[in-house]
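The residues making up each chain are set out below.
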Amino acid sequence: MMILPRRFYDRPTVEVARDLLGKVVVHGGVAGRIVETEAYLGLEDGAAHASRGLTARTKVIFGAPGHAYVYFIYGMYHCLNLVAEAEGSPGCVLIRALEPILGMEKMQQRRGVERLEALTSGPGKLTVAMGIDLNLNGADVTQGDFTVRRDGFLLDFPIAEGPRIGIRKAADWPLRFWLRGNRFVSKG
DNA sequence: GGTAGGATGGGCT
DNA sequence: GCCCATCCTACCC
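This structure is a prediction, so every number in the text was calculated from the model and none was measured.

> Explain helix H4 (residues 123-130) here, please?
The periodicity of an α-helix, 3.6 residues per turn, causes residues three or four positions apart to be oriented the same way. Taking burial as the measure, the eight residues of H4 include six buried ones, the bulk of the element. Turning to H4, its buried residues are Pro123, Gly124, Leu126, Thr127, Ala129 and Met130. The inward-facing, buried residues of H4 contact strand E2 (24-27), strand E3 (30-40), strand E5 (77-83), strand E6 (92-102) and helix H3 (104-111). Backbone geometry just downstream of H4 places Gly131 in the positive-phi region, at approximately 70°.

> I would appreciate a short explanation of the protein's contact with DNA strand B in the present structure.
The environment of DNA strand B is formed by Thr55, Arg57, Phe72, Tyr74, Gly75 and Met76. Here DNA strand B approaches the protein such that, of its atoms within 4 Å, sugar and phosphate make up 60%. Between Thr55 and DNA strand B, the recorded distance is 3.1 Å, taken from a side-chain N or O atom to a phosphate oxygen. Tyr74 places a polar main-chain atom, nitrogen or oxygen, 2.3 Å from a base oxygen of DNA strand B.

> Hey, could you run me through the pattern of salt bridges in this one?
Side chains that differ in charge, positive against negative, can pair when their charged atoms come close. In total, this model carries eleven salt bridges according to the counting rule given. Residue Arg96 pairs with Glu36 through a salt bridge whose shortest N-O separation is 2.9 Å. Residue Arg96 is found in strand E6, and its partner Glu36 is found in strand E3; the two are separated by 60 residues along the sequence. There is no split in this pair, since Arg96 and Glu36 are both buried. The salt bridge partner of Glu36 is Arg176, with a shortest N-O separation of 2.8 Å. Pair noted here: Glu36 is in strand E3 and Arg176 is in strand E9 (residues 176-179), with a separation of 140 residues, a long-range link. For Arg176, a relative accessible area of 6% translates into the label buried.

> I'm lost on the protein's contact with DNA strand C in this one. Help?
Contacts to DNA strand C come from 19 residues, most closely from Tyr71, Asn81, Arg111, Gly124 and Arg168. What you see for DNA strand C is that sugar and phosphate hold 58% of its atoms within 4 Å of the protein. Interatomic distance of 3.5 Å between a backbone N/O atom of Gly122 and a phosphate oxygen of DNA strand C. In the surface near DNA strand C, the residues fall into ten nonpolar, five polar and four charged.

> Explanation requested: the state of the cysteines in the structure shown.
A disulfide bridge is the covalent bond that connects two cysteines by way of their sulfur atoms. In total, this model carries zero disulfides according to the counting rule given. Looking at the unpaired Cys92, the closest cysteine sulfur is the one in Cys79, lying at 11 Å.

> Before we go on, may I ask you to explain the nonpolar core in this structure?
Within soluble globular proteins, side chains that are nonpolar tend to cluster in buried spots. With 40 residues, the main nonpolar core has Tyr9, Leu20, Ile34, Leu80, Ile95, Phe146 and Val148 as its most contacted residues. Aside from chain neighbours lying at most four places away, what touches Ile95 is Leu20, Ile34, Glu36, Thr37, Leu80, Leu82, Pro123 and Leu126. Within the second largest apolar cluster, 13 residues are counted, among which are Ala48, Val60, Tyr71 and Cys79.

Definitions and limits used
- Residues numbered from 1 in each chain as written.
- Chains lettered and ligands numbered in written order.
- Predicted model: local features only at pLDDT ≥ 70, side-chain atom pairs only at ≥ 80, totals over all residues.
- Heavy atoms only, no water.
- Buried < 20%, exposed > 50% of the residue type's maximum accessible area, 1.4 Å probe, protein only.
- Helix = DSSP H or I, 4+ residues; strand = E, 2+ residues; numbered from the N terminus.
- Contact = heavy atoms within 4.5 Å.
- Near = heavy atom within 4 Å.
- Polar contact = N/O pair within 3.5 Å; in protein donor to acceptor, adjacent residues only side chain to side chain.
- Salt bridge = Lys/Arg side-chain N within 4 Å of Asp/Glu carboxyl O.
- Nonpolar A, V, L, I, M, F, W, Y, C, P; charged D, E, K, R; others polar.
- Disulfide = S-S within 2.5 Å.
- Core = buried A, V, L, I, M, F, W, Y, C linked by side-chain atoms within 4.5 Å.

What follows is the structure in structure tokens.
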């Protein structure tokens, strides 16, 4: 599988969010195919962390594309984003759900559940299953043992789009993308 | 089938 | 002090 090059991410965030569907996140011996994403934009997007401006937390989002933005939420979960847009221009894509394709036993150990549909069907679940935490914040996903790749298979479900989940501001913006009918999507 | 409530801690006003 | 880009359990149709 070919690692996605940095230029893949150096585009408008919405395009990157849509095109990440079907790509494969690899971390060590564990991998999953992306089936659901959300785009988070810049200053104009009240739901985006970057709308607060450049801070210690958001500096990764303003940095070079092709890096991971990982943050801690609700006191116990982590969420994985991939940074898009040129350096200096904020934008990132939240990975909301994966279809497990490699290392399912490891995922089951980390999650403490058996059902495949329960392993990675949500942003907090998939970071546990993949072993992703703050240590990977800022990591370059175009090289090393934490990467995103394309596998050459065609998408087997149509792409759907709709409002993002779990936010209050800009709640009606259609920036969520998913593979309609895929059983690993978090909702719908 | 559905949902209300609680766990739990960092970021920012 | 308030707000979260969440998840699981208990409980109720």
